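Each chain, written out:
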Amino acid sequence: MTAMNYRYILVGGGLAGASAVDGIREVDKDGSILLLAAEAALPYNRPPLSKGLWLGKEQVSDIFVHDEAFYQGQGVDMALGTAVSGIDPAGSAVHLADGRTFSYGKLLLATGGAPRKLSIPGGDLPGLSHYRTLGDYGSMRAQAGAGKSAVVIGGGFIGSEMAAALNENAVDVTMVFPEANLVQRVFPEGLGRAIQGHFRASGVRVLAGDAPASIEKSGEGFVTHTRNGENLPSDIVVVGIGIAPGVELAQAAGLKVENGIVVDDRLRTTDPGVYAAGDNASFPYTALGIRTRVEHWDNALNQGKQAGRNMAGADEPYDYMPFFFSDLFEFGYEAVGEVDSRLETFADWQDENVTGVIYYLRDGKVRGAMMCNVWEKVDAARNLIRAGETVAPGNLRGAIH
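Everything numeric in this text was worked out from a predicted model, so none of it was measured.

Enquirer: Before we go on, may I ask you to explain the pairing of strand β5 (residues 93-96) in this structure?
Expert: Regular strands have side chains that alternate between both faces of the sheet. Strand direction decides the pairing type here: strand β4 (residues 84-88) and β5, joined by four bridges, are antiparallel. Across the sheet, the residue bridging to I87 is V94, located in β5. In sequence, β5 turns back onto strand β6 (residues 101-109) through a hairpin of four residues, with G99 there showing a positive phi of about 100°.

Enquirer: Even after reading the chapter, I still don't get the sheet that holds strand β18 (residues 281-285), so can you show me in this structure?
Expert: The pairing of strands in a sheet comes from backbone hydrogen bonds and takes either a parallel or an antiparallel form. With mixed pairing, the three strands of this open sheet are ordered in space as β16-β18-β19. Two strands close off the open sheet at either side, each with one partner strand: β16 (261-262) and β19 (290-292). Two elements, β16 and β18, share two bridges in a ladder whose sense is parallel. By the bridge assignment, I261 is partnered in β18 with A281.

Enquirer: Looking at this model, I keep getting lost on the pairing of strand β12 (residues 221-226). Mind explaining?
Expert: Judged by how many residues are buried, β12 sits mostly within the fold: six of six residues are covered. Where strand β11 (residues 212-218) and β12 come together, six bridges link them in antiparallel fashion. Looking at the pairing, P212 lines up with T226 of β12. Connecting β11 to the antiparallel partner β12 that follows it, the hairpin turn spans two residues, and G219 within it adopts a positive phi of roughly 60°. Relative to strand β13 (residues 231-234), β12 is paired through four bridges, and the arrangement is antiparallel. Paired with H225 across the two strands is N231, which belongs to β13.

What counts, and at which threshold
The numbering scheme is per chain: residues are counted from 1 as the chain's sequence reads. Reporting of local features is limited, given that this is a predicted model, to residues whose pLDDT is at least 70; pairs of side-chain atoms are given and counted only at 80 or more, and all residues count toward the totals for whole chains, interfaces and linings. Just so you know, side-chain values use all the structure's heavy atoms and leave hydrogens and water out. Each pair of strands is called paired provided DSSP finds at least two bridges between the two strands. Labels follow the DSSP assignment, with helices taken as runs of H or I lasting at least four residues and strands as runs of E lasting at least two, numbered in each case from the N terminus. Using a 1.4 Å probe on the protein chains alone, a residue whose accessible area is under 20% of its type maximum counts as buried, one over 50% counts as exposed, and one in between counts as partly exposed.

Right, here's the structure in full:
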């Protein structure tokens, strides 16, 4: 890495940053690119960290977006394990923590997000796993196994996936979360109860409606004390309570930030030379007519690519509808749109709480759909949501199957 001036600088070495390389090269075959990544690893896909790697379906070597030869072949300079201390949109410059400064023509902030921390006594103890990175997977894999115990704090996506993954690797797992049911923000009550029952039947101890009050070190492990008076010794504590979007660089530079870095439909921030994509971007979700932020793999993949294309001059709207997916023991699903359990829901079950489609409606219109053990129907769900037609819930039976 010798140049100090680049046509494109990408801050963030996750999927959005890596996908931006693909987007740029579709439009501009030879403009200089610098990718700056806080992690020392090449950009990789995160879903396997809580899914396939634990089930033996994937190996670490499988999860990288591209190999090193790809970036070399695309003429991308990379600085891995590199911290950015600030950006200067007025001067089109990026400042690194080691004192170096690079100038850019266009800049992408693909800074993702950081795991939220527990604000309780012991919430910052060394050794707690705020599970997010490949390094976290390596550390957890070394600790987990038969005869080990884990407390998983949080009943959302990452908490439920990690509890299932550890259980399937013979770890004695206890879950603690304040909601009444698993993944309560997304699952309707009946499905949440059913999945929770399956977790318990599989040997996971589920303490719903409870929360950690404090954590203390105990020998090589920990003891988690809950508000309801439980004292839970464990070898491992996994904290999965969501992420906070990586907005610090944008905020310090005076870019608009509201639950993420605010971008327009071209993924430009309030400075036209700076773009944002991935977990940190608050964008107009065209099909739903809302502004939102999406923390899922498919959005990072497609939004990062579109940001790269637009940085290179494509000037195209990002109107894609990202989907997300999960696997919890034998229950798998794909979902798209506004999938929020606070909406009206209609479940079209073929096998109740196992196989079928859940529709999420607002003002009589389908806003989201979750296909439970029903596959390759995401496009059909997208079409239904885009149509925006008023429909009686009962008439949705068989709409997607």
